[in-house]
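Structural description and commentary
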Amino acid sequence: MICRTSEISKQDGKEVTIRGWVYRQRILGDNVFLVIRDAFGIAQCVIKKDAVGEKMHKEASEIFIESSVVVSGTVKKDERAPGGAEIKATKLEVISRGEAFPIQKDLSEEYLLDVRHLWLRSRNMNLIMRARHHIVNYLREWLDSKEFFEIAPPMLTKAGGEGGADMFELEYFGDTASLTQSSQLYGEAMIFSLEKVYTLAPSFRAEKSRTRRHLTEFWHLEPEMAWHGQKENEEVQEQLLSYAIGKMVENHSDLLQGLGQDVEKMKKVKPPFARIMYDDAVEKVNELGGKMKHGNDPGTEDELLLAGAFDKPVFVKNYPKEIKAFYMREDPDHPGTVLNADLLVPGVGEIIGGSERIWDYNELMERMNQSKMNIKTYQWYIDLRKYGSVPHSGFGLGIERFIRYILNVEHIRDTIPFPRTMSRLEP
Ligand code: 4AD
Ligand code: MG
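Below or above, wherever it landed, is the structure these notes cover. (Residues numbered from 1 in each chain as written. Chains lettered and ligands numbered in written order. Predicted model: local features only at pLDDT ≥ 70, side-chain atom pairs only at ≥ 80, totals over all residues. Heavy atoms only, no water.)

Concerning the site of ligand 1
Filter applied, for reference: Consider each residue's heavy atoms; a residue with any of them within 4 Å of a molecule or strand counts as near. Here a polar contact is taken to be a pair of N or O atoms separated by no more than 3.5 Å, where protein atoms must pair a possible hydrogen donor with a possible acceptor and residues adjacent in sequence count only if both atoms sit in side chains. Surface accessibility follows the Shrake-Rupley procedure with a 1.4 Å probe radius. Residue values consider only the protein chains on display as shielding. When residues are sorted by character, Ala, Val, Leu, Ile, Met, Phe, Trp, Tyr, Cys and Pro go into the nonpolar class, Asp, Glu, Lys and Arg into the charged class, and all the rest, Gly among them, into the polar class.
Among the 23 residues in the neighbourhood of ligand 1, the closest are listed as Glu162, Gln184, Glu207, Glu222 and Glu350. Residue Glu222 places a side-chain N or O atom 2.7 Å away from a nitrogen atom belonging to ligand 1. Within the side chain of Glu350, a nitrogen or oxygen atom sits 2.6 Å from an oxygen atom of ligand 1. Burial of ligand 1 by the protein chains amounts to 94% of its free accessible area of 630 Å². Residue classes in the shell around ligand 1 are distributed as seven nonpolar, eight polar and eight charged.

What follows is the structure in structure tokens.
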């Protein structure tokens, strides 16, 4: 039976077989030490000539790292070995003897991105990708438990929700299509059937931003809820994020610790989050040494200053309507501002944009005309306000930014296997 590397210490004295890739090789006298990695960890094997025979011993001593192998032998507890046990090999099978591996120590970031397809095998990337899987699963788990339906939005569209400038356009049988910037508008259409829905899909932005938090293709979780105002919208966000973080702390603190995250800090991320009005946020940013003008979107630095002043995520509410998307409902209690909130977190800044949507037909038409939008392209969206419209709200969580926050990853590109940025389309 195949044993995981992470399980061998429980098999003291037993015969096991492990399989994986050579992570390290070291020769000490007549002994060859091979450290083998699989998806869950590493285990050390010692290959002695008298135990495996001359031929296998020679193969082990000449092997390159990253060759794929199957090793059988007896487990012996050994404090010095990684994981606290070692396998005394009786058999070594080289499945594919690799060539000299191109990744050695101290290589530039750019080179590691060039050989991303190989760098994904590194320990850090392994931990991040495992954590990513669990984070996404927990987000889905919470939504499922609250009776949200996952729906499948189109990636090819004519109606971008977030303004025309950042759209990737492509030729579409004599017409022009765009890669979707957000699935929100399609989510809105589906609440009239399913009430609470979400999309988990890529969004594309032709943004010329070279920052540690921008990708041109990112994964976007966008819940949309009938009968929910902005207050309930924020409560859903608090609960959803706290659930995913709580589960990561509870079940995968080894991954967080392996990546250098402070688990105690993450334990404190519980509802209620902090809340601040946009007007007060501008003042606060400037008190903290920023230079933010009222009526502007906060820049990355402003967001980091503001988020850093709270030990929890903070909702920044009621932005001036001129700087926000056409679909956000004006706040009757604070005219000139919209019923929205961006959620900012320390170290990353904005991870969520959300709002209550305009659900009245006339209000939407007026706003779209003011914004000089192409009514024809959005006719189907406007139509939704004609046949039994309801108050509704929703939000978009950038999955990679959320992962950066939970795992304390320095650059957004390391939260996704094959990052797409302005300067990178390969591998
Ligand atoms: O604030 P945004 O643009 O909002 C929307 O797209 C709405 N339609 C969401 C909704 O209400 N359904 O994007 C939402 C989130 C941001 O807060 C950020 O986390 C992420 O998407 N995001 C990006 N992540 C990585 N790279 C980029 N270029 C991103 N642009 C947005
Ligand atoms: Mg935003």
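Examining the sheet that holds strand E10 (residues 196–204)
Rule in force here: In this scheme, strands are said to pair when DSSP sees at least two bridges between them. Where helices and strands are cited, they refer to DSSP runs of H or I of at least four residues and of E of at least two residues respectively, numbered from the N terminus. The contact criterion used is simple: two residues touch if any of their non-hydrogen atoms lie within 4.5 Å. Helix axes are fitted to C-alpha atoms over the stretch in contact, other axes to C-alpha atoms as well, and angles between N-to-C directions run from 0 to 180 degrees.
Spatially, eight strands are ordered E6-E10-E11-E16-E15-E14-E13-E12 in an open sheet, and the strand pairing comes out mixed. Of all strands in the sheet, those bounded by a partner on one side alone are strand E6 (149–150) and strand E12 (274–277). Bridge count between strand E14 (residues 340–345) and strand E15 (residues 349–356): six bridges; the pairing is antiparallel. Pairing of Ala341 across the sheet is with Gly354, part of E15. Packed on one face of the sheet, helix H14 (residues 399–407) meets E10, strand E11 (217–226), E14, E15 and strand E16 (392–398) and runs near 60 degrees to E16.

Considering the nonpolar core
This is how the line gets drawn: Take the buried residues of types Ala, Val, Leu, Ile, Met, Phe, Trp, Tyr and Cys, join any two whose side-chain atoms come within 4.5 Å, and each joined set is a nonpolar core. Only protein chains enter the calculation, and the probe is 1.4 Å; a residue is then buried if its accessible area is under 20% of its type maximum, exposed if over 50%, and partly exposed in between.
Counting residues in hydrophobic clusters, the biggest one holds 45 residues, and the most contacted among them are Leu139, Leu221, Leu241, Ile351, Leu397, Phe402 and Leu407. Here this core gets ten residues from one element, more than from any other, and that element is helix H5 (residues 123–145). In terms of nonpolar packing, the next biggest core, distinct from the first, is built from 21 residues, Val22, Val71, Ala85 and Ile87 among them.

With respect to the pairing of strand E4 (residues 68–77)
For E4, the tally of buried residues reaches seven of ten residues, placing the bulk of the element in the interior. Relative to E4, strand E1 (residues 15–28) is paired through seven bridges, and the arrangement is antiparallel. Across the sheet, the residue bridging to Arg19 is Val70, located in E4. Bridge count between E4 and strand E5 (residues 85–96): ten bridges; the pairing is antiparallel. When the sheet's bridge partners are listed, Val70 is paired in E5 with Glu93.

Observations concerning the pairing of strand E3 (residues 41–47)
A regular strand places its side chains so that they alternate between the two faces of the sheet. For E3, a buried count of five out of seven residues is recorded, marking the element as mostly surrounded by other parts of the structure. Here seven bridges tie strand E2 (residues 31–38) to E3, and the two strands are oriented antiparallel to one another. Within the sheet, the bridge partner assigned to Ile36 lies in E3 and is Ala43. In this structure, the hairpin formed by E2 and E3 is closed by a connection of two residues. Examined bridge by bridge, E3 and E5 share three bridges and lie parallel to one another.

A few points about a nonpolar patch on the surface
Basically, it comes down to this: Put simply, a patch holds well-exposed residues, over 30% relative accessible area, that have no salt bridge, with like charges counted together within 9 Å and Val, Leu, Ile, Met, Phe, Trp or Tyr side chains within 5 Å. For this document, the term salt bridge refers to a Lys or Arg side-chain nitrogen within 4 Å of an Asp or Glu carboxyl oxygen.
On the surface, a cluster of nonpolar side chains totalling about 360 Å² of accessible area is made up of Leu156, Tyr172 and Phe173. Of note, Leu156 is situated in strand E7 (residues 156–157). Look at Leu156 and you get partly exposed, because its relative accessible area is 39%.

Structural notes on the sheet that holds E7
Strand pairing within a sheet occurs via backbone hydrogen bonds; the two strands may be parallel or antiparallel. The strand order E7-E9-E8 describes an open sheet built from three strands, whose pairing is antiparallel. Sheet topology places E7 and strand E8 (169–172) at the edges, where each strand pairs with a single neighbour.

A look at the environment of Asp175
Along the chain, Asp175 turns up in strand E9 (residues 175–179). Considering only alpha carbons, one finds Asp175 and Lys158, 17 residues apart in sequence, at a separation of 9.8 Å. Dropping the residues within four chain positions of it, Asp175 is found in contact with Lys158 and Leu170. A polar side-chain atom of Asp175 sits 3.0 Å from a polar atom in the side chain of Lys158.

So, the packing of aromatic side chains
What counts is decided by this rule: The pairing test for Phe, Tyr and Trp rings, Trp by its six-membered ring, is centres within 6.5 Å, and the orientation test on the planes gives stacked under 30 degrees, edge-to-face over 60, and tilted for anything in between. Charges are assigned to positions over rings by a cutoff of 6 Å between ring centre and Lys NZ or Arg CZ, combined with an angular limit of 35 degrees from the ring normal.
What the rule picks out here adds up to ten aromatic pairs. Plain terms: the ring middles of Tyr138 and Tyr243 are 6.5 Å apart, the flat faces sit at 80 degrees to each other, and that makes the pair edge-to-face. Separated by 105 residues along the polypeptide, Tyr138 in helix H5 and Tyr243 in helix H7 (residues 230–251) bring together distant segments of the chain. According to the relative accessible area criterion, Tyr138 is buried, its value standing at 9%. Seen in terms of ring centroids, Trp142 and Phe148 are 6.4 Å apart; in terms of plane orientation they differ by 40 degrees. Their pairing is tilted. Given a relative accessible area of 7%, Trp142 falls into the buried group. You can call Phe148 buried: its relative accessible area is 4%. Three or more aromatic residues joined by ring pairs form one cluster here, namely Tyr186, Phe326, Tyr327, Tyr378, Trp380 and Tyr381. The cationic tip of Arg26 hangs over the ring face of Phe33; the distance from NZ or CZ to the ring centre is 5.0 Å. Seen from the ring of Tyr381, Arg385 lies directly overhead, with NZ or CZ sitting 4.2 Å from the centre.

As for the side chain of Glu303
Position of Glu303 relative to the elements: it lies in helix H11 (residues 300–308). A polar contact of 2.6 Å, which involves the side chain of Glu303, links it to the side chain of Arg213. When neighbours within four sequence positions are excluded, Glu303 is seen to be in contact with Arg213, Pro298, Leu344, Gly349 and Glu350.

Quick look at unusual backbone geometry
Pro271 connects to Pro272 through a cis peptide bond whose omega is -5 degrees. Structurally, the position occupied by Pro272 is in the loop between helix H9 (263–267) and E12. In the Ramachandran plot, Trp227 falls in the positive-phi region, its phi being about 65 degrees despite a non-glycine side chain. Locating Trp227 in the fold gives a position in the loop between E11 and H7. What makes Trp227 exposed here is its relative accessible area of 56%. Even without glycine at this site, Asn408 takes up a positive phi of about 60 degrees. A relative accessible area of 42% places Asn408 in the partly exposed class.

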